[in-house]
Amino acid sequence: MMKFRFRRQGNDPHREKIKQDLFAFSKTVEHGFPNQPSALAYDPKLQLMAIGTKSGAIKIYGAPGVEMTGLHKDTAAVTQIHFLYGQGRMLSLLDDNTIHLWEIVQRENRSHLVELHSFNLPGRPGIESTRLAAKGSHVKGKYAELKLAICNVIPLFSVPEEYKCGKSLGPVESLQEHPQDSDKILIGYSRGLVVLWDLNSRHVVNLFLGKQQLESLVWERSGNSFVSSHSDGGYMVWAVSSSNPCTHDPISSTIPYGPFPCKAVNKILWRTTQSGSPLVLFSGGMPRASYGDRHCLTILQDSSHVTLDFTSRVIDFFTIHCTDKEKEFDDPSALVVLLEEELVVIDLQMAGWPTVPAPYLAPLHSSAITCSCHISNVPPKLWERVISAGQQQCPLQNYEVGEKSPYRTQNYHEDGTVRFWDASGVSLKPLYKLSTASIFQTDCDHNDSLMQAGEEEWPPFRKVGCFDPYSDDPRLGIQKISVCKYSGKLVVAGTAGQVIVMVLSDEKSDHMIDVATVDLLQDREGFTWKGHDRLPPKSGSVVFAPGFQPVVLVQCMPPAAVTAVTLHAEWNLIAFGTSHGFGLFDYHRRNPVLARCTLHPNDSLAMEGPLSRVKSLKKSLRQSFRRIRKSRVSGKKRAVVYSPTSKVQEANAQLAEHDAEVTPVQRRIEPRSADDSLSGVVRCLCFADTFLRDGTHHGPTMWAGTNSGSVYAYALDVPSQEKFSEQSVEALLGKEIQLMHRAPVVSIAVLDGRGNPLPEPYEVSRDLAKAPDMQGSHSVLITSEEQFKVFMLPKVSAKTKFKLTAHEGCRVRKVALSNFTSVSSEEYSENALVCLTNLGDIHVFSVPALRPQVRYDCIRKEDISGIASCVFTKTGQGFYLISPSEYERFSLSARVITEPLCRVDVERPHDLSAHSPTLPPQANGTHKTQAESKALLYEMRSALSSPVLDSPNSSADITLDTTGELTVEDVKDFLMTVDEAENNFRNIAEEDGRPPGILIN
């Protein structure tokens, strides 16, 4: 009769409705710079920029907050993008010889990027050189020009005899539409031949017989001349005259960095100005022997000459200039350069052509990201002070301070820098950059002097961009961070055991930094540090700009990487931990309070450090074989094999439905050895005002968790604020907990009498949060890699637990306590424990009951770096790296969602998407569909099946070697008949529609 008391009566409909109002998973937006960009386009009328990547993604950017993303069906590199001027449409060419037509459509009062059509080009993918020109005013013109790009047709009888030999003309390198007559197009071939072709009459207007291998073409605004760039590092200016149909020599020929052999000028732009002298911009062309490895772009005008020196490869560039045909001059205002790792904007109107800070697309990975931190509800005063410090670093950048409390993200890098970003919107805006390298003695000053000496030489190099993949000293890398947003204090911990306490200041300062050393080994014998040395601090006073300025440097000894750090600004205390132990420091009195060694006698690897090459291979192999042996023995004894894909909810249901005498279905967990290497690593630290000594008196405490499953709780005697300078802080060990299986402790959090997390320092004293419940019994939530467990305080008796590894076969990687607000009512909210596992899925549990609520698949289990970089926010959102330069933002909350809600109004002469099927928009505002338009398909077929194709004088561009003899045997595998071309277009109508999807690189 008693067993019915333990049975679950099914799901509660009311609770399910509450869960739907609280939780909802969506991947909302991608922050950062697109990974591996490969193409660039710009629409001057709509002021939209498009970037294509090697993974097949297309991203459109407008004003800050205007972002749209499209993803091709196949993972192929985008080689070219062309906007159809002012229409909100664009063509994309992939390296698999497919062309795709995209359109910006309006649905639900939002703009989405939709794919309308796609078709395959003739020939093998990657063999033929395909060039597109898409600048006309109507759709019909695009496919007439596209026909030229595909067919590569010119009447050979118009070419001089010396070009009719067995040698090929080479691939088409450039197609440029006439700036004043859209019916004429300039075709440039690799061998140097340039043809001005009339689209209507289909005949050659002019021939330009170049002798040098061609790289690119650009028209002069009036159309009376054009400029060609070549492989010898030079460029030529050609005159276009109707009286001279065949031009043999250019007006001028220049090799800017000659006479020594130079690299090819990959692209050139020629812009006219009111001052009379044209502005010439080109990439490449550097002296091959001296600077052939440099990534450069040159700007020339009269005597002004600047060589922009980048740290990554130039992909493409364009200028923002006047496009009104009634105007006489281009008058460029800005140069936009897309590099492999960043986007750089140059002001062409100011003297000296300075760099303009971009409002978005700043490289998150200017130096490799080592850790990240998210701060929510930043106080307005701190927000304004950080912005002010950032504006003094970069006066050209402006920010608007809104009424709402913004969010801020901090990235920490291996070069010792901390970068602050505005994460309150769709675009991550750079706010402020903090460098810790100036505190230490490094080789930076010597390198800077060498760079300055090199700048005086020819060519006139100028270092541009902030992407710097090289670190002066790997010991500068930032590992952990802790910040108090109410007091403006910041703690930064690094790879060489350095812990820096910083205070936000609005004024420039010149002062000495107090240095303290904490020995975590406590003179323990038998241990010898084999790793790197400490970073030597600078002696004397150091000048610091307004912003966060260091006041105390705490050096851990041995100088191992800091693995955990926390700050309590109200108590003037910081706690830090390494692989050797943890320490407590009073930064107000500059006095160490506590040092505890957590090393096991067999922790030899802890003495080698992360940068040491000396590893105990013999011991590592021995431990691996021991684990294999144990797993085989335990596998033979195990009677039942359980699936690792079972759900948490099913495991709890089995637990509730069985009798009290029947144990739930669980995996057997092997206890970890006490002498495992690195068992003394401190994984987490926290401060809390709770009950530790007895149940009637609460006070400050500090908690530490290690890699071996040990938890240390210290009772702290903190003087009042009036006596901070008189009395010192004292620490007394109150409790010590050892988890059964010795699983690493990931997180420790203290809950008040109502089961809510304790407020942050200063929140209660400044009436910014409700005071915690000190009447009921407090509890501590300890999260290990295998389970969650709640202990009652002060007796430290187990209250409840959930064995995640036993039920799910996964391990905990990241956890956080988040607050979820209901969609139905803003007044209703719940605190929950959010967990990310090593399989990439996210579990949400109620607190403190630890009941499973929802589970979502978020990150691929193979994406180890993405799982390791994940950061949760206090409002139910999260970030993780999908590439070295991009964060994926996701939301677990049904109410708090950050997604692009933008609208681009476009007037089109032909609406191709009028009959497109309507699909629900995805979370990031992008989805894909494929519409059918019979008229458009007929026009495309007509373009390819033109009688010109059947002419015996027609030739297809299939040659890779531009200097060798060409025979029929060489090209017969690449030629395609008209029937085969018709089949390619027939596949368009038969292809199934694509399902909607989210772009995940």
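The name an unreviewed UniProt entry gives the protein chain is LLGL scribble cell polarity complex component 1, with Cyprinus carpio as the organism. Regarding the protein chain, the UniProt comment filed under Sequence similarities (unreviewed entry) reads as follows: "Belongs to the WD repeat L(2)GL family."

Asker: Help me understand the pairing of strand β29 (residues 417-422), please; the structure alone is not making it clear to me.
Answerer: Within a regular strand, the side chains alternate between the two sheet faces. Burial of β29 is extensive: six of the six residues sit out of reach of the surface. Residues Thr417, Arg419 and Trp421 line one face of β29 and the alternating positions Val418, Phe420 and Asp422 line the opposite face, and both faces are buried. Looking at chain direction, β29 and strand β30 (residues 429-435) are connected through six bridges and run antiparallel. Looking at β30, one finds that Thr417 is bridged to Ser435. The antiparallel hairpin formed by β29 and β30 contains six residues in its connecting segment.

Asker: Looking at this structure, I do not really get the packing of aromatic side chains. What am I missing?
Answerer: The relative placement of two aromatic rings is captured by the distance of their centres and the angle of their planes. All told, the structure shown has 24 aromatic pairs when counted by the stated rule. For the ring pair Tyr61 and Tyr360, a centre distance of 5.9 Å and an interplane angle of 25° mean the geometry is stacked. With Tyr61 in strand β4 (residues 57-61) and Tyr360 in the loop between β26 (355-356) and β27 (369-375), this pair connects stretches of sequence that are 299 residues apart. There is no split in this pair, since Tyr61 and Tyr360 are both buried. Ring geometry for Phe788 versus Phe845: centroids 4.9 Å apart, planes at 55°, classification tilted. Linking Phe788 in strand β49 (residues 787-792) with Phe845 in strand β53 (residues 841-846), this pair joins segments that are 57 residues apart in sequence. Taking relative accessible area as the criterion, Phe845 reaches 0% and is therefore assigned buried. Every member of this aromatic cluster is reached through a ring pair, and the members are Phe25, Tyr856, Phe872, Tyr880 and Phe890. Between Arg294 and the ring centre of Phe461, over which it is positioned, the NZ or CZ distance is 4.3 Å.

Asker: Looking at this structure, how should I read the sheet that holds strand β12 (residues 193-198)?
Answerer: To summarise the sheet geometry, strands pair through backbone hydrogen bonds and adopt either a parallel or an antiparallel arrangement. Read across the open sheet, the five strands follow the order β10-β11-β12-β13-β17; overall the sheet is mixed. Here the strands that pair on one side only, and so sit at the sheet edges, are β10 (172-177) and β17 (246-247). Where β12 and strand β13 (residues 203-209) come together, six bridges link them in antiparallel fashion. When the bridges of β13 are listed, Val194 appears paired with Phe208.

Asker: What am I meant to see in unusual backbone geometry here?
Answerer: When glycine is set aside, most residues are seen to have a negative phi, and most peptide bonds are trans. Each neighbour pair has its own omega, and for Gly258 with Pro259 the value is 5°, a cis peptide bond. Structurally, Pro259 can be placed in the loop between β18 (252-254) and β19 (265-271). Omega for the bond connecting Leu793 with Pro794 falls within 30 degrees of zero, at 10°, which places this linkage in the cis form. Its location among the elements puts Pro794 in the loop between β49 and β50 (797-803).

Asker: Would you mind going over the sheet that holds strand β33 (residues 489-494) with me for this structure?
Answerer: A sheet is described by the order of its strands in space; here five strands give the open sequence β32-β33-β34-β38-β36, paired in mixed fashion. Across the chains shown, the open sheet's two edge strands, defined by having one partner strand only, are β32 (478-484) and β36 (514-519). The mean inter-strand angle of the sheet, taken between neighbouring strand axes irrespective of direction, is 20°. One ladder, built from five bridges, connects β33 with strand β34 (residues 498-505); its direction is antiparallel. The partner of Val492 across the bridge, within β34, is Ile500. Seen against the sheet, helix α4 (residues 380-393) touches β34 and β38 (547-557) and runs at an angle of roughly 100° to β34.

Asker: Any chance you could explain the pattern of salt bridges here in plain terms?
Answerer: For side chains bearing opposite charge, pairing can occur when the charged atoms are close. As enumerated under the stated definition, the model contains 24 salt bridges in all. Residue Arg15 is joined to Glu830 by a salt bridge in which the shortest nitrogen-to-oxygen separation is 2.7 Å. One end of the pair, Arg15, is in helix α1 (residues 13-22); the other, Glu830, is in strand β52 (residues 829-837), and 815 residues separate them in sequence. Looking at Glu830, the relative accessible area reads 16%, which means it is buried. One salt bridge connects Asp473 with Arg475, and the closest N-O pair in it is separated by 2.7 Å. For Arg475, a relative accessible area of 15% corresponds to the buried category. Salt bridges here are not isolated pairs; linked through shared partners, they connect Glu30, Lys59 and Glu886.

What counts, and at which threshold
- Residues numbered from 1 in each chain as written.
- Predicted model: local features only at pLDDT ≥ 70, side-chain atom pairs only at ≥ 80, totals over all residues.
- Heavy atoms only, no water.
- UniProt positions renumbered as here; feature names shortened; annotations may be inferred.
- Buried < 20%, exposed > 50% of the residue type's maximum accessible area, 1.4 Å probe, protein only.
- Helix = DSSP H or I, 4+ residues; strand = E, 2+ residues; numbered from the N terminus.
- Pairing = 2+ DSSP bridges.
- Phe/Tyr/Trp six-rings, centres within 6.5 Å; stacked < 30°, edge-to-face > 60°.
- Lys NZ or Arg CZ within 6 Å of the ring centre and 35° of its normal.
- Axes fitted to C-alpha atoms, helices over the stretch in contact; angles between N-to-C directions.
- Contact = heavy atoms within 4.5 Å.
- Salt bridge = Lys/Arg side-chain N within 4 Å of Asp/Glu carboxyl O.

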